[in-house]
Every structure is written in structure tokens, then in C-alpha cells.
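Analysis of the macromolecular model
The chain contents come next:
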Amino acid sequence: MNVLYFAWVRERIGLPREQVQTDAATVNDLVAELRAREDRYDLAFSDLGALRVALDQQLSDFDAPLAGVREVAFFPPMTGG
Amino acid sequence: MRITVQEAPFDMGTEANAFAAGHTDMGAIVTFSGVVRDLPDDPLVAMEIEHYPGMTESALTDIATRAQERWSLGDVLVIHRYGRMAPGEQIMMVATAAPHRRDAFEAAEYLMDFLKSRAPFWKREITANGASDWVSAKDADEDALSRW
């Protein structure tokens with residue numbers, strides 16, 4: 001699965017994207033796996049209220065299932081306009 | 001409908017004239033542009049905008065399509081830049097054309113409200129004293145969506 005990070009999430013983790021091998025059933029499960037890896041992931045995901053997630057480029061929820069999803073992106077609330 | 005996501009500056013007058021041309025059946029054209037605003041206490045050196053290629057275009061198209069379904073519009077234009085820009089530069093513009101002004105104004109406001117918090121852009125301000133801070137999303141921007 002392709003996992004993308006934007007804005008300060010990218011900076012905290014130190015990567016714009018990576019391939020992740022996972023059997024996580026939901027976004028929350030994937031987040032738990034990532035947080036368990038290293039402190040930088042743990043820090044980046046410490047406040048899920050300050051994060052948004054998109055599944056295959058559609059805004060989604062953290063309890064959404066990951067079955068069939070190819071691309072997961074994590075980022076802070078958007079500030080366009 | 002035209003949706004453009006680009007790094008290069010654009011000329012708002014040229015874009016607005018091109019948008020208005022060929023719509024003789026439209027009585028109302030509304031244009032709005034967002035500009036990089038300088039900060040009074042700590043001068044801004046630059047604003048940097050990051051986006052999510054692919055998702056950005058589809059999110060903007062989705063927002064514009066919803067506006068077209070909701071109001072009687074002849075055309076919709078959205079231009080949004082990414083990358084580095086200086087104070088005074090235009091960040092983005094929206095334009096709507098409609099037979100009547102209320103549809104054009106309301107659709108433009110709708111586009112702006114959704115674009116601010118549903119299109120995957122993130123702004124960072126770089127100031128003269130060396131600070132480099134991501135702009136936080138405002139609760140008011142999220143609240144603005146509830147009126148639609």
C-alpha cells in the first residue's frame with residue numbers, strides 16, 4: 001500500500017511517501033502499526049483530531065476499512081483559497 | 001468548467017476577460033481572487049503552498065460540479081497556484097457566470113468556502129525573522145460549510 005504524508009506530517013515523519021506492507025483492516029489499525037514503529041511516527045500521529053485522511057484520493061474517516069485501497073494519505077486540515 | 005492547478009503566476013484580467021467572452025447569454029460574472037497578504041508585525045518573505053497532485057484536481061472538479069448542480073450557472077473557472085509566492089501575488093481565483101447575479105455570487109462563495117477546507121492545499125508562511133510556520137485551519141472555515 002502506498003502511504004503519503006503532506007505538510008507538517010511529512011516533515012515530522014521525514015518522508016513524502018513510502019510503501020507499507022500491512023494487513024491492517026482499518027485506517028486506525030494502520031495508524032497503530034505506524035505509531036509502534038518509531039518515535040517520529042508516534043509524534044506525527046499523537047493527535048488524530050489534528051489530522052485528516054484520504055483513501056485513494058477521497059477524504060475519509062479513521063474507522064474506514066482499507067480493503068481494496070491502494071493509496072492512503074495523511075495530512076493536516078487543508079488551508080486552500 | 002475549467003480547473004487549473006499551476007505553479008506559474010496568472011493575469012487575473014486576462015483570465016476574467018477570456019472567461020466572460022462567449023457568454024452573451026450570461027448577465028452576471030463574479031470573480032474573486034485570493035492574494036498573499038503581508039503580515040503587519042513580522043514581514044512576510046514568502047508563502048509556500050503544497051498540494052496533493054491528482055487529488056487536488058479531482059477535489060476542485062467535484063466542488064465545481066456540485067456548484068453547477070446547485071445553481072443556474074453558465075460556466076465556472078477555478079485557478080489555484082502552488083509553490084512559492086511573494087506578498088501581493090495572486091494565489092488563486094474563482095469566476096462564475098450566470099444569467100442572474102444571485103446565482104453567480106452564491107456559487108462563488110460556495111466554491112470559496114469548500115475550496116478553503118476541502119481542497120488539499122497547505123500554506124506555509126516564511127517571515128523575515130526566520131519563522132516558517134504552517135498556517136492553521138480556522139474553525140470558522142469549517143463552520144462556514146454548514147450554511148450550505
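For chain B, the name recorded in an unreviewed UniProt entry is Molybdopterin synthase catalytic subunit, with Pseudosulfitobacter pseudonitzschiae as its organism. The heading Sequence similarities (unreviewed entry) in the UniProt record of chain B holds the text "Belongs to the MoaE family." The Function (unreviewed entry) field of the UniProt record for chain B holds the comment "Converts molybdopterin precursor Z into molybdopterin. This requires the incorporation of two sulfur atoms into precursor Z to generate a dithiolene group. The sulfur is provided by MoaD."

The name that an unreviewed UniProt entry assigns to chain A is Molybdopterin synthase sulfur carrier subunit, with the source organism given as Pseudosulfitobacter pseudonitzschiae.

Observations concerning the side chain of R124 of chain B
Relative to the assigned elements, R124 of chain B resides in strand β7 (residues 121–127). Here E11 of chain A takes part through its side chain, which lies 2.4 Å from a polar atom of the side chain of R124 of chain B. For R124 of chain B, the contacting residues outside a window of four places in its chain are E11 of chain A together with A46, M47, E48, S132, D133, W134 and V135 of chain B.

Considering the environment of P120 of chain B
Tracing the sequence through the fold places P120 of chain B in the loop between α3 (101–118) and β7. A relative accessible area of 0% places P120 of chain B in the buried class. C-alpha separation for the pair P120 of chain B and L145 of chain B, spaced 25 residues apart in sequence, amounts to 16 Å. If we skip the residues at most four places from it in the chain, P120 of chain B touches M78 of chain A together with E50, H51, Y52, M55, T56 and A59 of chain B.

Details of the interface of chain A and chain B
Across the contact, 19 residues belong to chain A and 25 residues belong to chain B. Summing both partners gives a buried area of about 1800 Å² for chain A against chain B, and 57% of it is carried by carbon and sulfur. Broken down residue by residue, the surface that chain A buries against chain B is led by M78, T79 and G81 of chain A, which jointly contribute 39%. At the junction of chain A and chain B, the tally comes to two salt bridges. For E50 of chain B, the salt bridge is made with R10 of chain A, and the minimal N-O distance between the two is 2.4 Å.

The rules behind each value
- Sequence positions are assigned chain by chain, starting from 1 and proceeding in written order.
- Each chain is given a letter, starting from A, and each ligand a number, starting from 1, according to the order in which they appear as written.
- Owing to the predicted nature of the model, reporting of local features is limited to residues with pLDDT of at least 70; listing and counting of side-chain atom pairs is limited to 80 or more, with chain, interface and lining totals taken over all residues.
- Excluded from the side-chain calculation are hydrogens and water; included are all heavy atoms of the structure.
- UniProt positions are given in the numbering used here, feature names are shortened, and annotations may be inferred rather than shown by experiment.
- Per the convention used, a helix needs a DSSP run of H or I reaching at least four residues, while a strand needs a run of E reaching at least two, with both numbered from the N terminus.
- Whenever two N or O atoms come within 3.5 Å, that pair is a polar contact, provided that in protein one can donate a hydrogen and the other can accept it, and provided that, for residues adjacent in sequence, both atoms are side-chain atoms.
- The contact criterion used throughout is that any non-hydrogen atoms of two residues lie within 4.5 Å.
- The cut-offs for exposure are 20% and 50% of the maximum accessible area for each residue type, with area from a 1.4 Å probe on protein chains only; residues under the lower value are buried, those over the upper are exposed, and the others partly exposed.
- Summed over both partners, the accessible surface that disappears when two parts come together, traced with a 1.4 Å probe, is what is meant by buried area.
- Here, a salt bridge means any side-chain nitrogen of Lys or Arg that lies within 4 Å of a carboxyl oxygen of Asp or Glu.

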